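Survey of secondary and tertiary structure
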Number of protein chains: 2
Amino acid sequence: MTEGKHTPAKGDGAEPGRDLQHIVTSADVAREAGVSRSTVSRCLSGDRRISEATRLRVQETANRLGYHVNKIARSMNTRKSDLIGLVTSGLSDPFRVEFLDKLILAIQQSGYRPLVIDVSDPAQMGTSMMHLLQYQVAGVVVTSGSPPPEVGVHFLKRNVPVVLVNRAGRLEGADVINCDNVRGGEMAADLLLETGKTRFGFLNVKGGTFSGNVRGETFVSRLAPRLASGDISFTPLVCDSADYDGGFNAALKFLATPETAPNAIFCAKDHIALGLLDAARFELGLRIPEDIAVVGFDDIAAARQGAYQLTTVCQSATKLAEMTVDRLRQRIRGDALTDQRLILPVEMTCRRTA
Amino acid sequence: MTEGKHTPAKGDGAEPGRDLQHIVTSADVAREAGVSRSTVSRCLSGDRRISEATRLRVQETANRLGYHVNKIARSMNTRKSDLIGLVTSGLSDPFRVEFLDKLILAIQQSGYRPLVIDVSDPAQMGTSMMHLLQYQVAGVVVTSGSPPPEVGVHFLKRNVPVVLVNRAGRLEGADVINCDNVRGGEMAADLLLETGKTRFGFLNVKGGTFSGNVRGETFVSRLAPRLASGDISFTPLVCDSADYDGGFNAALKFLATPETAPNAIFCAKDHIALGLLDAARFELGLRIPEDIAVVGFDDIAAARQGAYQLTTVCQSATKLAEMTVDRLRQRIRGDALTDQRLILPVEMTCRRTA
DNA sequence: TTGTACGCGTTATCAT
DNA sequence: ATGATAACGCGTACAA
């Protein structure tokens, strides 16, 4: 029995307009070019063992008919998909956006496609990641929140690699990539100590984040000897949201009495620092860095703008993205089977705020 | 012949580790629950005509086995996908990022999933959009560049709706959604005229963009009567890139001689205006708005920050996203068959730069 | 070099 | 209310 019979007999008439709905399949191309579906498939996937004559004929027919491989169908029988899940939460955090930008590019260049999942509600993170499983993603990158440990087993079972970027790594079987928060905290402390200021502070969002907490703790450890000798003081500072407004509003409060307020402040992330700077300069009339020295973390684009010129700990979004995709590909190929924890080096970018 | 035979006989032994690779299918659930695949399918797609007893049993078995519907396979059969293509070019333009943020959220809430395509090279836009066809996307949103007209026919043929947002609408069969660039240009002109300044300018990226050009042309038209009477002058201003650095560098040049340079400037978009402001204030020592009045367009988050307080034409990213998804859904449902051109109203947000 | 036959996991259809 | 069967579009052993 020939395969042609698979194609439902359409009768003979040409119903006008029907073709508008009809999707061109490899069978259509095969029939039109007078070959089998196998041949069409082989031509378009670059199989060597095909005659130049038929290859050209098939190519031409495919173009003429407007045929495009159905990747959905293809991935059904190869049981591989080139979709990669990207878990994020909003696009309001500037550094995360810069990272996603580079990540999307890197993913595409590797022949994969990013499927974005936005988890506004952290509680829904688990179910959201399960959704990704329904799409047979080849891998997942988590850039926000921390997935509940019980999802790990589902991804492990399916051999779907998960990479956590700048997150706490409590997920079983997942790789973790972080920038060097420890070294960053130390560098911030060292730099601020050099300013000669004596009232230190660390500004972070209420409750803290994984990265922020590490940065703050290391910062304080580094100050410890001087704190012990009584040279300097330290005050933990808190803002309501981890963004510009959070830094702005918090600064209005804790800088209200500049004589006693901290004057050497390390911020958990740049965006908070920018809010702090604006509140200090424009609302409270303080001079930077004479009255207050400020150090941020991330080195987002806005940090180098003329209005801010923020001194900050720089982590490279590009390198972070490259590391992420490299690791993902190793896992997908099956090269690497054991979890890994990678650290991206950071460096201090000195501008005008400290 | 019973369906069970579909499952390949695995022999009897339990090879350790093999299950790690095996994906749980509806057949597995069916066998385990003692029902047919059809029943499993119906249970999990919420079919009413199923007994409560079996429904519960199937649900439980599915959970226990860790079964997740394979949406890829489902969409093969239903010939519908819930993927929506998002065409963008980088995540460096702040307003576009804000729009994408809201768009991704709106798409998810409608039960669809965003598949992101980044087209850095405008020349590759056509082929990139064709890639989306391979994934059987239900619709496409274009937020960057202008697709070559010939792609229109491919999407039309497949009944895949395309929505162009803030783009030139030359694509056959596509819907177009724009903010009210015309009204925006007028409002900017009116506001700057009220300042009493006399030397007007419009700052845009070299070559211009669709939106920018419309804004600028309307701006000039509105100034026309006063230009004719000789009260005021107008100078077209150009920057190399449509971002902060572009505005910054351009301003350094054309503001070099402040006595004759334009002192009432409308910028094609906020980010350019921010660069201009910083160059004027910090590099050239000019006062805003006393020496120079500036109006932007978009009302991005940074525009309301204390450092800038930019007066600007506001378009709502949220509303734009809602309009986009609404239109997309109408098209996918097949309600709307004829192209449409929608306009999002804008309003002036007065802060401190004009 | 090319064709045949089968299966990927699901849902729609028809039958019971 | 439930089961059996036929597609969906593709890649690929196997055969020729």
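All figures in this text were calculated on a predicted structure; none of them were measured in a lab.

Structural notes on the interface of chain B and chain A
Tallying the contact residues gives 54 residues for chain B and 54 residues for chain A. Around 5,100 Å² of area is buried between chain B and chain A when both sides are counted, 57% of it from carbon and sulfur atoms. Of all residues in chain B, H68(B), I72(B) and Y135(B) bury the most surface against chain A, accounting for 14% of the area lost on that side. In this assembly, chain B and chain A are joined by 2 salt bridges. Where D245(B) meets R304(A), a salt bridge forms, and the shortest distance between an N and an O atom there is 3.3 Å. At the junction of chain B and chain A, the tally comes to 18 residue pairs in polar contact (both at pLDDT 80 or more). Listing elements by their share of the side of chain B that touches chain A, those giving two or more residues are α4 (71–78), α5 (94–109), β2 (113–118), α6 (125–134), α7 (150–157), α10 (244–254) and α11 (270–283) of chain B.

Focus: the relation of the copies chain B and chain A
The transformation that overlays chain B on chain A combines an axial shift of 0.0 Å with a rotation of 180°, and the residual RMSD is 0.1 Å. In symmetry terms, the pair is related by a two-fold rotation axis. Considering only C-alpha atoms, the part of chain B nearest the rotation axis is L115(B), at 2.4 Å. Comparing interface residues between copies, 100% of those in chain B also sit at the interface in chain A, which points to an isologous, same-surface contact.

As for the nonpolar core
Membership of the largest hydrophobic core comes to 146 residues, with the highest contact counts inside it found for L203(A) and L203(B). Counting 44 residues, the second largest nonpolar core, distinct from the first, contains L133(A), A174(A), M130(B) and Y135(B).

Looking at the sheet that holds strand β12 (residues 347–349) of chain A
Residues and elements named next belong to chain A. Strand order in the open sheet formed by 6 strands is β7-β6-β8-β9-β10-β12, and the pairing between neighbours is mixed. Across the chains shown, the open sheet's two edge strands, defined by having one partner strand only, are β7 (233–239) and β12. Each strand axis lies, on average, 20° off the axis of its neighbour in the sheet, ignoring direction.

A closer look at the packing of aromatic side chains
Residue and element names in this part refer to chain A. In this structure the tally under the stated criterion is 15 aromatic pairs over all chains. With a centroid separation of 5.4 Å and an interplanar angle of 45°, the aromatic rings of F202 and F266 are classed as tilted. You can see F202 sitting in strand β6 (residues 199–205) and its partner F266 sitting in strand β8 (residues 264–267), a full 64 residues away along the chain. Here F202 matches F266 in class, with each residue buried. Taking the ring centre of F297 as reference, the NZ or CZ of R215 above it sits at 3.6 Å.

Here we look at the domain arrangement of chain A
When its domains are assigned, chain A resolves into domain 1 (16–69), domain 2 (81–179 + 318–344) and domain 3 (181–314). Placing the centre of domain 1 of chain A and that of domain 2 of chain A at their C-alpha centroids yields a distance of 36 Å.

Observations concerning the pairing of strand β7 (residues 233–239) of chain B
Pairing of strand β6 (residues 199–205) of chain B with β7(B), which is carried by 7 bridges, proceeds in the parallel orientation. Counterpart to L203(B) in the pairing with β7(B) is L237(B).

A few points about the pattern of salt bridges
Tallying each qualifying case throughout the model produces 38 salt bridges over all chains. Between R31(A) and D28(A) there is a salt bridge, and its shortest N-O distance comes to 3.0 Å. Of this pair, R31(A) and D28(A) both sit in helix α1 (residues 26–33), 3 residues apart, which is roughly one turn of the helix. Note that D278(B) is salt-bridged to R281(B), the shortest N-O span being 2.7 Å. Of this pair, D278(B) and R281(B) are both found in helix α11, 3 residues apart, which corresponds to roughly one turn of the helix.

A closer look at helix α9 (residues 210–228) of chain A
An α-helix turns once per 3.6 residues; consequently, residues spaced three or four apart project the same way. All names here are of chain A. Under the 1.5 Å per step criterion, the end-to-end length of α9 is 27 Å for 19 residues, consistent within 8% with the ideal 27 Å. In α9, a bend of some 40° at R222 exceeds every other bend along the element, and P225, a proline, comes one to four places later. Here α9 has its buried residues at S211, G212, R215, G216, T218, F219 and L223. Those residues of α9 hidden inside the fold are in contact with β5 (175–179), α8 (181–194), β6, β7, β8 and β9 (293–298).

Some remarks on unusual backbone geometry
Residue and element names in this part refer to chain A. Between I288 and the following residue, P289, the backbone shows a cis peptide bond with an omega angle of 5°. Considering the arrangement of structural elements, one finds P289 in the loop between α11 (270–283) and β9. One non-glycine residue, Q136, adopts positive backbone phi at about 55°. Considering the arrangement of structural elements, one finds Q136 in the loop between α6 (125–134) and β3 (139–142).

Some points on the state of the cysteines
The bond known as a disulfide is covalent and runs between the sulfur atoms of two cysteines. Counted according to the given criterion, the structure contains 0 disulfides over all chains. Its sulfur unpaired, C239(A) is 8.0 Å from the next cysteine sulfur, which belongs to C267(A).

With respect to the sheet that holds β6(B)
Residue and element names in this part refer to chain B. Read across the open sheet, the 6 strands follow the order β7-β6-β8-β9-β10-β12; overall the sheet is mixed. Of all the strands in the sheet, just β7 and β12 (347–349) have a single pairing partner and so form its edges. Within this sheet the neighbouring strands show an average axis-to-axis angle of 20°, counted without direction. Of the pairings in the sheet, the one linking strand β9 (residues 293–298) to strand β10 (residues 311–314) comprises 4 bridges and is parallel in character. Across the sheet, residue V295 finds its bridge partner in β10, namely T311. The strands touched by α11 within the sheet are β6, β7, β8 (264–267), β9 and β10, with β9 carrying the most contacts at an inclination of about 155°.

Describing the side chain of S75(A)
You can see S75(A) is positioned in helix α4 (residues 71–78). S75(A) gets classed as buried once you look at its relative accessible area, which sits at 13%. Not counting the four nearest positions on each side in its chain, S75(A) is found in contact with K80(A), S81(A) and I72(B).

Brief notes about empty space enclosed by the protein
For the structure shown, the criterion picks out 3 cavities of 30 Å³ or more. Taken together, L86(A), T88(A), L91(A), L100(A), I104(A), V116(A), L86(B), T88(B), L91(B), L100(B), I104(B) and V116(B) make up the lining of the largest cavity. Counting only elements with at least two residues in the lining of the largest cavity, the list comes to β1 (83–88) and α5 (94–109) of chain A together with β1 (83–88) and α5 of chain B. Of the residues that constitute the lining of the largest cavity, the class distribution is 10 nonpolar, 2 polar and no charged.

A closer look at helix α9 (residues 210–228) of chain B
Residues and elements named next belong to chain B. Of all the residues in α9, the buried ones are S211, G212, V214, R215, G216, T218, F219 and L223. In this structure, the buried side of α9 is in contact with β5 (175–179), α8 (181–194), β6, β7, β8 and β9. At the C-terminal side of α9, G230 shows a positive phi close to 80°.

Structural notes on the environment of G139(A)
Residue and element names in this part refer to chain A. Tracing the chain through its elements places G139 in strand β3. Relative accessible area serves as the criterion here: at 0%, G139 is assigned to the buried category. The spatial distance from the C-alpha of G139 to the C-alpha of I332 is 7.3 Å, given a sequence separation of 193 residues. For G139, the residues in contact, after removing those within four places along its chain, are L83, I84, G85, V160 and P161.

Here is what the cut-offs are and how they apply
- Residues numbered from 1 in each chain as written.
- Chains lettered and ligands numbered in written order.
- Predicted model: local features only at pLDDT ≥ 70, side-chain atom pairs only at ≥ 80, totals over all residues.
- Heavy atoms only, no water.
- Contact = heavy atoms within 4.5 Å.
- Buried area = accessible area lost by both parts, 1.4 Å probe.
- Salt bridge = Lys/Arg side-chain N within 4 Å of Asp/Glu carboxyl O.
- Polar contact = N/O pair within 3.5 Å; in protein donor to acceptor, adjacent residues only side chain to side chain.
- Helix = DSSP H or I, 4+ residues; strand = E, 2+ residues; numbered from the N terminus.
- Least-squares fit on C-alpha atoms with pLDDT ≥ 70 in both.
- Core = buried A, V, L, I, M, F, W, Y, C linked by side-chain atoms within 4.5 Å.
- Buried < 20%, exposed > 50% of the residue type's maximum accessible area, 1.4 Å probe, protein only.
- Pairing = 2+ DSSP bridges.
- Axes fitted to C-alpha atoms, helices over the stretch in contact; angles between N-to-C directions.
- Phe/Tyr/Trp six-rings, centres within 6.5 Å; stacked < 30°, edge-to-face > 60°.
- Lys NZ or Arg CZ within 6 Å of the ring centre and 35° of its normal.
- Domains from an automatic or database assignment.
- Expected span 1.5 Å × (residues − 1).
- Bend = angle between axes of the 7 residues up to and from the residue.
- Disulfide = S-S within 2.5 Å.
- 1 Å grid on protein atoms, 1.4 Å probe; cavity = no way out; pocket = protein on both sides within 12 Å on 5 of 7 lines; lining within 4 Å.
- Points joined across faces, edges and corners; volume = space filled by probe spheres on them.
- Nonpolar A, V, L, I, M, F, W, Y, C, P; charged D, E, K, R; others polar.

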